[in-house]
Structures are given as C-alpha cells and as structure tokens.
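So the chains spell out like this:
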Amino acid sequence: MLDDFFTRAILAGIGVALVTGPLGCFIVWRRLAYFGDTLSHAALLGVALAFLFEINITLAVFAVSACVSIALLLLQKRATLSADALLGLLAHSALALGLVALAFMTWVRMDLMGFLFGDILAVSKTDIAVIWLGGVVVLAILAAIWRPLFAATVNRELAEAEGMNPERANIIFMLLMAAVIAISMKIVGVLLITAMLIIPTAAARRFAAGPEQMAVLAAVIGAIAVIGGLFGSLEWDTPAGPSIVVAALCLFVLSILPVFSRAGAKPAGPDSGSPRAQKGARP
Amino acid sequence: MPKKPEALATLESAGIHRAGRWLVRGVSMSVDAGEIVTLIGPNGSGKSTTAKMALGILKPDEGSVIRKTGLRVAYVPQKLSVDWTMPLTVSRFMRLTGHVSDDEANSAMSSTGISHLAGAEVRNLSGGEFQRVMLARAMARRPGLLVLDEPVQGVDFTGEIALYELIQRIRDEMNCGILLISHDLHVVMAATDRVICLNGHVCCSGTPTAVASSAEYKALFGARAASSLAVYEHHHDHTHLPDGRVRHADGTVTDHCHSEDGHHHDHDGHEHEPHGHNREAKHDA
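Being a predicted model, the structure only gives us computed values, none of them experimental.

Cut-off values and rules
Residues numbered from 1 in each chain as written. Chains lettered and ligands numbered in written order. Predicted model: local features only at pLDDT ≥ 70, side-chain atom pairs only at ≥ 80, totals over all residues. Buried ≥ 20, exposed ≤ 12 C-beta atoms within 10 Å, placed from the backbone. Helix = DSSP H or I, 4+ residues; strand = E, 2+ residues; numbered from the N terminus. Pairing = 2+ DSSP bridges. Contact = placed C-beta atoms within 7 Å. Nonpolar A, V, L, I, M, F, W, Y, C, P; charged D, E, K, R; others polar. Axes fitted to C-alpha atoms, helices over the stretch in contact; angles between N-to-C directions. Parallel < 35°, antiparallel > 145°, perpendicular 65-115°, else oblique. Left-handed = near helix turned anticlockwise from the far one by under 90°.

1. Quick word on the pairing of strand β3 (residues 36–40) of chain B
Residues and elements named next belong to chain B.
Phase 1 of the analysis: Along β3, five of the five residues are buried, which leaves the element largely enclosed by surrounding structure.
Phase 2 of the analysis: Two strands pair when backbone bridges link them, and β3 and strand β7 (residues 177–181) are joined in this way by four bridges, in the parallel orientation. Bridged to Thr-38 within β7 is Leu-180.

2. A short note on the interface of chain B and chain A
The figure often quoted for interface size is the accessible area lost as the parts come together.
Phase 1 of the analysis: Contact with chain B, which involves 23 residues of that partner, is made by 23 residues of chain A.
Phase 2 of the analysis: Of all the secondary-structure elements, those providing two or more residues to the side of chain B that touches chain A are α1 (47–55) and β5 (73–76) of chain B.
Phase 3 of the analysis: It is β5(B) that contributes the most residues to the side of chain B that touches chain A, three residues altogether.
Phase 4 of the analysis: Residue composition of the side of chain B that touches chain A, grouped by class: 14 nonpolar, five polar and four charged.

3. Structural notes on the packing of helix α1 (residues 5–29) of chain A against helix α9 (residues 166–188) of chain A
Residue and element names in this part refer to chain A.
Phase 1 of the analysis: Where α1 contacts α9, the two axes come as close as 10 Å, and the packing angle between them is 150°. By the angle between their directions, the pair α1 and α9 is classed as roughly antiparallel. In the crossing of α1 with α9, the sense of the turn from one axis to the other is left-handed. From α1, Ala-12, Gly-13, Val-16, Val-19, Thr-20, Leu-23 and Phe-26 reach across to α9, where they touch Phe-173, Leu-176, Met-177, Val-180, Ile-183, Ser-184 and Ile-187.
Phase 2 of the analysis: Grouping the constituent residues of the contact of α1 with α9 by class yields eleven nonpolar, three polar and no charged.

4. Re the packing of helix α10 (residues 193–205) of chain A against helix α12 (residues 240–256) of chain A
Describing two packed helices takes the angle between their axes plus the distance from one axis to the other.
Residues and elements named next belong to chain A.
Phase 1 of the analysis: For the pair α10 and α12, interaxial distance at closest approach is 8 Å and the crossing angle is 20°. Considering the angle they form, α10 stands roughly parallel to α12. Judged by the twist between their axes, the crossing of α10 over α12 is left-handed. Taking contact as the criterion, the partners of Ala-195, Ile-199, Pro-200, Ala-202 and Ala-203 in α10 are, on α12, Val-245, Ala-248, Leu-249, Leu-251, Phe-252 and Ser-255.
Phase 2 of the analysis: Looking at the contact of α10 with α12 residue by residue, the class counts come to ten nonpolar, one polar and no charged.

Encoded structure:
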C-alpha cells in the first residue's frame, strides 16, 4: 500500500495536519501567526546549512528554528524593537541568508521550489516514519504541558501566580513549533506551513465549545483539507502543497457561511454572535 | 500586641526597580491566615506591583519576599481579556490552573450567583458577571492566600457591597488570608482588618479608621475624602450614632490625634468615647 506515491502523500499529509491543528490553536489564540512565518522562513537557512555541513535536513531545520525561537525570546527581553519588527527582521534575514548561502554552494543541485512550496508527492517511507513518530512525540509533549500552556495563554501572570510555570511551558512550546516546522516542511513548503497552522484552526473556531475540542477539530479539518487538496491536485493537475492550502481555505469559507448557524446570518468574526448562536452552530 | 504565627506571605523592605526608577520601594507587610489586608493608594502608587511581589510574579530587586511553603494561591488579576478566537466556557475557566471537582465548582458558582452562566462563553459576559466568575474560580481553588486586584471593577454600587460581603464570607469559611487592592477605601472599610496605604512606599498603615484619619492619608487623598470616610464609618458604628455630640467631637479628634492613636479604634467604642472626649477637652483647654 505504501508503494503508491499518492497513498504515501495522504499519510504524510494527515500526519502533519494532526499535529499542526492543535499547535495552530495556540498560534491563533496567542496571535503568533507571524511567529510561525518567522520560524518557517528560517527553515530555509536550515536547509542551506544542512547542505553545507552534509547533515540531516530535518535536524538542521529544527536546530535553526529552535535557535531563532530562543533568539526571539532573548531579544524580546531586551525590548529594543517591537515584537513584530523583530519577527520581520529575523524572518527575512534568515530567508535571505538561506537563499544567498544556497547560491554560493554551486556544487549543490537542489530543487529550491520543492523547499519553498513542498514536495508531498515525493515523500519516502522514511519521511512518513519521521512525520508520524515525530508527530506522536510532539503531541505527547503538548498534552503534558497543555494545562500550564493554556492557562498562560489566557493570562500569564495568573498562571504564574498559581504555580503553573508558564515560562517553561512557553519555551517547550517554541521548541515544539520548531519541531513541527522541521517535520512538515517537506509537505507544504516553508512558505505555506503557517497556512496549515492557522487555516484549519480558524475553521474549527466556529464549531468548538472548548479549547480541547477546538484542537481536535482543527486536526480533523486539517486532515480533510489534506485529502481534499491531494485529490484536487490529482484531478486538476495542480501543485499539491498549494492545493492543500486552497482546500483548507475552502473549508474555512464554508465554516463562516451563515448556513451553519441556526440562529441565522451572523458570520464568525471579532464581534460575532451570542453564545446561543455559537452553541446552535455546534454539530 | 502578641506576635502572630507564621504569616502566609511576608514582604521585607521589598522594592521593584524598572527603567531607572523605583516603582515601589521599602514595602514591609505581611498577610496572615484569616486576615483581610487592603492595599490602597492613587494610580501608579505600586499597589498591583506590591501584590505581584507577594504572589511571586515579580522578583523584588531589593529586600525579600517569603511565602509559606506549600501555600495554595488564587489570584484575580486586574485585567483579563479573553481573545474571541478562544472558545472558553465558564465551567472550563473554573478549571484553568488546576483540577476542581464538580462539587467545588458548583458551590463556588452558586455562592457568587453565576450558576446559570456555567455554559456561557467567558468573552460574552458583562463586566460584573465576569468579575464574579473570576471570584468563583479563585474560590473553587480553596486557596490559602487569595489576592484580589480591584475585584469590583465594572460592578455597580450595590453589587460592590455584595461582592465585599462575599469576600468576607470567603475569608470566614475558608480561613484564608486575603490581599485586596482597592482605590476606594470608602467601601472596603467595613470588610478590612488592616489597610496599607501606598504611594511608592508604605505611606501609612493600620486599621481602616486609623488610616482614614491619618495625616498622610489626607495628604494623599485630600481632606474631603478623609472626612467623608469618617462620616461613613460613623454611620456604621452604632456606638457613635445615638449621640450627635459625641460624633461631632470625635470628628475633631480625627483631625488632630488619630494618626498617633489609631489603635483606639480597635477597642470597644464604649471604652473609647469618654477617652476621646477627655482628650478633646484637654485640647480645648
């Protein structure tokens, strides 16, 4: 069964979606979308370094993303620039450094597009093993730090006062993000990873009554987007990674259609609906 | 005064230094079990900063903070905004920082009068409802130390009184220490054992009446605030009310002596009044 490239692609994609959904919830709740972007752009520098030192790409990407997260934490403490300016600085310098470094390595023949937009149709059995094993580890750690991380997301000081150690949860969360970027880069590419973190989560918001439920729903919606996107890409001969993102977008648009709200035409949004309307929308 | 047993939280000349200035400095205070301590002071006087030191959110740059080991803390922060992207019901919020049994959650919600809101989304609550939800969450933790940072924001006056009564009841039932932050001494007076008035440092402290009548408090809040407080206190003090003349005389005493002899108000009114009267007579003579 795994000999079929399409089956392998679906398995790998679902594996990634199951992890990006729950992690993406925190990205959305904490308004860290740009942070996801920064880490994924830095991934390209990881790729360049992997070629330079001839080490495993996933490992190098994880290392670089982890370094960028730590650098960000440290820079934020110094607070010389606003957080979004810092993120932009780190994101684009890492991306540019990666591209320049790759251009210098004339001996390396690689498909840059594959890294930018993903190459899900070329995943190997080893890739699938890495994705699923890595995914299980990431989800297990996330489950372990769920309560302090969520409490810190609601209010950091409250969590700290009541003995939740939010600082440790935050650092672990950033490392999990780096790990997810590293294992999912091959699926949708560095430019679209953030989409897999955010769009399924955004689609899940409308139907979720609690944070845990939202995490599970985001994972399921992400998996549906992977299946839909891959079949769409097969049908219409479109690039696989972007097709998955387009499928996720379609699900999001569906989720905000008033059809799903029994109470009537109130789209999800900053001022959306009464609690009654939200409950009515729950499946 | 006998030395109390081990305090829940003790600050010893603690201070926080940020960006070249002291937000608050030289604060020494403690909260004991079964005691309500109120921090008052104008905006920016370091009330929240002091509370955060007591909670361990901020590490003092000077002095020390000691909390009893194994102390269970509950905190009601001044501001807490829940992002609309976060689906969070009241009953999930009750369990934010630790497991709470259904019984405890339900009893906390019924004593704050929010049982009907258990399934509601936190972000859709009104200001007053949300304050009660935060209080219920803190109660359900059965804390040893409860820290409340302006717990009556967005609550109307009658609701305010009810909330302070509830806070007193929490203290009585759980025998926990309560550190309360308020900018309005007026309403908290009846509920407080000890008041600490902050203005970047401890400006004065003692019983509510002693603080309200102290010269430092008047300098900080103006004489009118202080005198309206005195009147308010008298309305609630039945030993003073029947006799208009005593009340009047006491008002003058407040102006002159109370910053030194604040302890008198701790004692029974009957013992106190003739005493104050004599003093007043001496002053006049």
